[in-house]
Amino acid sequence: MNCRDTVPLMSLLIRGGRIVIAADDYVADVLVDDERISLIGAGLDVQADRTIDASGKYVLPGCIDPHTHLDMPFGGTVTVDDFESGQASAAFGGTTCHVDFCIQAQGQTFAEALETWHAKANGKTLIDYGFHIAVTDLRDEERLEELAALPEQGITSYKLFMAYKNVLQVDDETLFRAMEVAASSGALVMVHAENGDAIDVLVREALARGDTAPIFHALTRPPELEGEATNRAVQLARIAGCPLYVVHVTCREAVDPIRRAREQGWRVWGESCTQYFFRSIDDLAQPDFEGAKYVYSPPARDAANHAVLWDAVRTDALSAISTDHCSFLWDGQKTLGKDDFTKIPNGGPGLEDRLKMIHHFGVGEGRITLSRMVDLLATQPAKLFGLYPRKGTVAVGSDADLVIFDPERRETISAASHHSRCDYNMYEGTEVVGAPELVLLRGNVLVEDGELVASPGSGRFVRRARFGETLAAEPATAP
Ligand SMILES: [Zn+2]
């Protein structure tokens, strides 16, 4: 048993690291005291309970993943990662906070849905977390009032699905009414933008032709339908007067309307996810049902879109990169759709790989700067989702959620060594240079030298601030 489990760390001095934040990049010492950063400066003349030499290393804010699905029921099964394995996986990858989707079942109140999701997390958490509410049913007028009151509980983002017909999809009336509520309650509206009605027609036509292989998942969800739904959401949000965040943008058809909206100064933001920079429609065509590993929605696109997405994140047409971690075993869960691609549970793992992949291929190959990487993986998610400046940066007063990142460390990404329970990795065999060495959550060691140090139950639910408002530090806890 590691003594750090039981003896709370009082103070920690990180010497000589290269502090990389969205707005700056410089060498200094960082003093952590009672969960927060208390001092930053060159050659600090202070004593601490523990001193870490970070020379030659980067000191990054803990990454924030604004898009994950842990312990989520889907397609007659449940994701293989719960809050414990999912958050362990996040921690190893340098992610110290995430916002998961609490999904309202049809006919359910939001309070019931939140109770269910809080219960899933209770006692299992390793990193800090919040919830978005996924709205599926607003037919009862009381739901509108309940939705308007959620920001008071720290639930400050509403997610709506424009796809997954007869499961999660909402009609435009429901979407628009939620947008109107958000405009006055201070919430951010998030959309899964694909035209679910048209997809449903294409899917039925494919099945009628006997086209049942995984590749037809992608072929029945063409990029135009993502572009159409994105533009529709942008225009509806403009009329309703709410801020809009388009999740998992994959292609030029969806980047274009977001870029145009941002050029006009409309309150629109978009994210992409790690897999859309690396995987393509060709992966779904892999033989022996291997293609099912890459079945998620929207689907992987033509590889020409990789450059479109790198350009979009570099130029701030897209503002964040998440993972949409939603893991199902290939053997036993994905195989539910062996004879029918519509029965393959949608989703893939990736919580652990985001920082390493974006660092190696984004920063390492000169596509984005280190500061832009931090902005995309930590600062923008913190600002958009009401966590800033408590999280998402390295500053005096912020939570000491820190990643000591070794830019020279070589790793080979593999399901054999990852910490998700998933039996495959979407980047299997990829060699990267640069990986987290030490990860801190509120000053406590979470991961060190490849070992998980924290115990389940140490992650805390964060009541997020309303859109555009800042989140102050929590009052210091007694030792
Ligand atoms: Zn998702």
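Whatever comes next refers back to the structure up there.
In what follows, the accompanying structure is described.

What counts and how
- Within each chain, residue numbers correspond to sequence positions counted from 1 in written order.
- For this predicted model, a pLDDT threshold of at least 70 governs which residues receive local features, and a threshold of 80 or more governs which side-chain atom pairs are given and counted, while totals over whole chains, interfaces and linings are taken from all residues.
- By convention in this description, side-chain values take in all heavy atoms of the structure and omit both hydrogens and water.
- Water is absent from the atoms considered, so a metal site may look incomplete; donors are defined as N, O and S atoms within 2.8 Å of the metal, or 3.2 Å for Na, K and Ca.
- Throughout, exposure labels follow a simple rule: accessible area from a 1.4 Å probe, protein chains only, divided by the maximum for the residue type, with under 20% read as buried, over 50% as exposed, and the rest as partly exposed.
- The pocket and cavity definitions rest on a 1 Å grid over protein atoms only: a 1.4 Å probe that fits but cannot leave marks a cavity, an open set with protein on both sides within 12 Å along at least five of seven lines marks a pocket, and residues lining either have an atom within 4 Å of a point.
- Grid points are joined across faces, edges and corners, and a volume is the space filled by probe spheres set on the points.
- Classification used: nonpolar for Ala, Val, Leu, Ile, Met, Phe, Trp, Tyr, Cys and Pro, charged for Asp, Glu, Lys and Arg, polar for all others including Gly.
- Here, nonpolar core refers to any group of buried Ala, Val, Leu, Ile, Met, Phe, Trp, Tyr and Cys residues whose side-chain atoms link them within 4.5 Å.
- Helix and strand definitions follow DSSP, with helices as H or I runs of at least four residues and strands as E runs of at least two, each counted in order from the N terminus.
- Two residues qualify as a contact provided that any one of their heavy atoms is within 4.5 Å of a heavy atom in the partner residue.
- Distance and chemistry together define a polar contact, namely a pair of N or O atoms within 3.5 Å, with one atom able to donate a hydrogen and the other to accept it when in protein, and with adjacent residues in sequence counting only for side-chain atoms on both sides.
- Only Phe, Tyr and Trp rings take part, Trp by its six-membered ring, and two of them pair if their centres are within 6.5 Å. Stacked means planes under 30 degrees apart, edge-to-face means over 60, and tilted covers everything else.
- Only when the NZ of Lys or the CZ of Arg is both within 6 Å of the ring centre and within 35 degrees of the ring normal is a charge said to sit over the ring.
- What makes two strands pair is DSSP finding at least two bridges between them.
- Axis definition: a line fit to C-alpha positions, over the contact stretch in the case of helices; interaxial angles, taken between N-to-C directions, run 0 to 180 degrees.
- By salt bridge we mean one thing: a side-chain nitrogen of Lys or Arg within 4 Å of a carboxyl oxygen of Asp or Glu.
- Arc, as used here, means the arc of the directions from the helix axis to the C-beta atoms.
- Oblique is the label for every angle not falling under 35 degrees (roughly parallel), over 145 degrees (roughly antiparallel), or within 65 to 115 degrees (roughly perpendicular).
- Should the near helix be turned anticlockwise from the far one by less than a right angle, the crossing is termed left-handed; should it be turned clockwise, right-handed.

This part takes up the coordination of the zinc ion. The coordination sphere of the zinc ion contains the protein donors His67 (NE2), His69 (NE2) and Asp324 (OD), at a distance range of 2.0 to 2.2 Å. A residue is classified by how much of its surface remains accessible, and Asp324, at 10% relative accessible area, is buried.

Tallied over the full model, the rule gives 2 cavities of 30 Å³ or more. The calculated volume of the largest cavity comes to roughly 130 Å³. Every residue lining the largest cavity is counted, 16 residues in all, and those nearest its centre are His69, Tyr164, Ser297, Asp324 and Cys326. Counted by class, the lining of the largest cavity contains 7 nonpolar, 7 polar and 2 charged residues.

The next subject is the nonpolar core. Ranked by internal contacts, the top residues of the largest apolar core, which has 130 residues, are Ile133, Leu147, Leu244 and Met373. The greatest single-element share of this core, amounting to 7 residues, is contributed by helix α7 (residues 223-240). Residues Ile14, Ile52, Ala54 and Leu440 belong to the second largest nonpolar core, which totals 19 residues.

Moving on, we come to the environment of Gln106. Counting through the fold element by element, Gln106 comes out in the loop between β9 (95-103) and α2 (110-121). Classification of Gln106 as partly exposed rests on a relative accessible area of 45%. Sequence separation between Gln106 and Ile40 is 66 residues; the distance between their C-alpha atoms is 50 Å. If we skip the residues at most four places from it in the chain, Gln106 touches Thr136, Asp137, Arg139 and Val167. Separated by 3.0 Å, the side chains of Gln106 and Arg139 make a polar contact.

Moving on, we get to helix α12 (residues 354-363). In terms of burial, α12 is largely enclosed, as 10 of its 10 residues are buried. Among the residues of α12, Arg354, Leu355, Lys356, Met357, Ile358, His359, His360, Phe361, Gly362 and Val363 are the ones counted as buried.

Attention now goes to the packing of aromatic side chains. With the rule as written, the count across this model stands at 17 aromatic pairs. Of the aromatic side chains, those joined through ring pairs into one cluster are Phe277, Phe278, Trp310, Phe361 and Tyr427. Of note, Lys120 hangs over the ring of Trp117, and the distance from its end group to the ring centre comes to 4.6 Å. For the cation-ring pair, Lys159 lies above Phe101, with the distance from its terminal atom to the ring centre recorded as 4.0 Å.

The next point concerns the sheet that holds strand β10 (residues 128-134). By way of backbone hydrogen bonds, the strands of a sheet pair with one another, either parallel or antiparallel. Pairing within the open sheet is parallel, and its 8 strands lie in the order β6-β9-β10-β11-β12-β13-β14-β15. Looking along the sheet, the strands with just one partner apiece sit at the ends: β6 (63-68) and β15 (320-322). Across the sheet, the mean angle from the axis of one strand to that of its neighbour is 30 degrees, orientation sign disregarded. Bridge analysis of strand β11 (residues 157-161) against strand β12 (residues 188-192) gives 5 bridges, and the strand direction is parallel. Pairing of Leu160 across the sheet is with Val191, part of β12. In this fold α2 packs onto β9 and β10, with an angle of close to 150 degrees to the strand it touches most, β10. Where helix α13 (residues 370-384) meets the sheet, it contacts β6, β12, β13 (244-246), β14 (268-273) and β15, and its direction lies at approximately 65 degrees from that of β6.

Let's shift gears to the pattern of salt bridges. In total, this model carries 35 salt bridges according to the counting rule given. Across the pair Arg421 and Asp82 runs a salt bridge, and its minimum N-O distance is 3.3 Å. Highlighted residues: Arg421 in the loop between β16 (402-412) and β17 (431-441) and Asp82 in the loop between β8 (77-78) and α1 (83-92), separated in sequence by 339 residues. By relative accessible area, which is 11% here, Asp82 ends up buried. Several salt bridges share partner residues, and in doing so they unite Glu35, Asp128, Lys391, Asp399, Asp401, Arg442 and Arg460 into one network.

The next thing to look at is helix α3 (residues 141-149). Listing the buried residues of α3 in full gives Arg143, Leu144, Glu146 and Leu147. Relative to the axis of α3, the buried residues are bounded by an arc of 165 degrees and lie together on one face. With respect to the buried face of α3, the exposed residues turned more than 90 degrees away are Glu142 and Glu145. Residues of α3 that are buried in the fold lie against α2, β10, β11 and α4 (172-185). Among the residues of α3, the N-terminal cap falls to Asp140, whose side-chain oxygen and the backbone nitrogen of Glu142 are separated by 3.0 Å.

Interaxial distance between helix α8 (residues 252-263) and helix α11 (residues 304-314) falls to 10 Å at its minimum, and their mutual angle equals 20 degrees. As judged from the angle between their axes, α8 and α11 are roughly parallel. Where α8 crosses over α11, the two elements pack in a sense that is left-handed. Of α11, the residues touching α8 (which contributes Arg252, Val255 and Arg259) are Asn305, Val308, Leu309, Asp311 and Ala312. Grouping the amino acids of the contact of α8 with α11 by side-chain chemistry returns 4 nonpolar, 1 polar and 3 charged.

Moving on: the side chain of Arg372. Within the element layout of this structure, Arg372 appears in helix α13. Residue Arg372 is classed as buried on the basis of its relative accessible area, which comes to 13%. A distance of 3.1 Å separates a polar atom in the side chain of Arg372 from the backbone oxygen of Leu318. Setting aside chain neighbours within four positions, we find Arg372 in contact with Val313, Arg314, Asp316, Leu318 and Ser319.

Another point: unusual backbone geometry. With an omega of -10 degrees, the peptide bond between Ser297 and Pro298 qualifies as cis. Mapped onto the secondary structure, Pro298 falls in the loop between α10 (281-284) and α11. In this chain, Tyr388 is followed by Pro389 through a cis amide linkage whose omega measures 0 degrees. With respect to the helices and strands, the residue Pro389 is situated in the loop between α13 and β16. Even without being a glycine, Glu35 presents a positive backbone phi close to 80 degrees. As for its position among the elements, Glu35 is in the loop between β2 (24-33) and β3 (36-41). Overall, the relative accessible area of 17% leaves Glu35 in the buried class. Of note in the backbone geometry, Asn166 takes a positive phi value of approximately 65 degrees without being a glycine. With respect to the element layout, Asn166 can be found in the loop between β11 and α4. In this structure Asn166 comes out as exposed when scored by relative accessible area, which is 72%.

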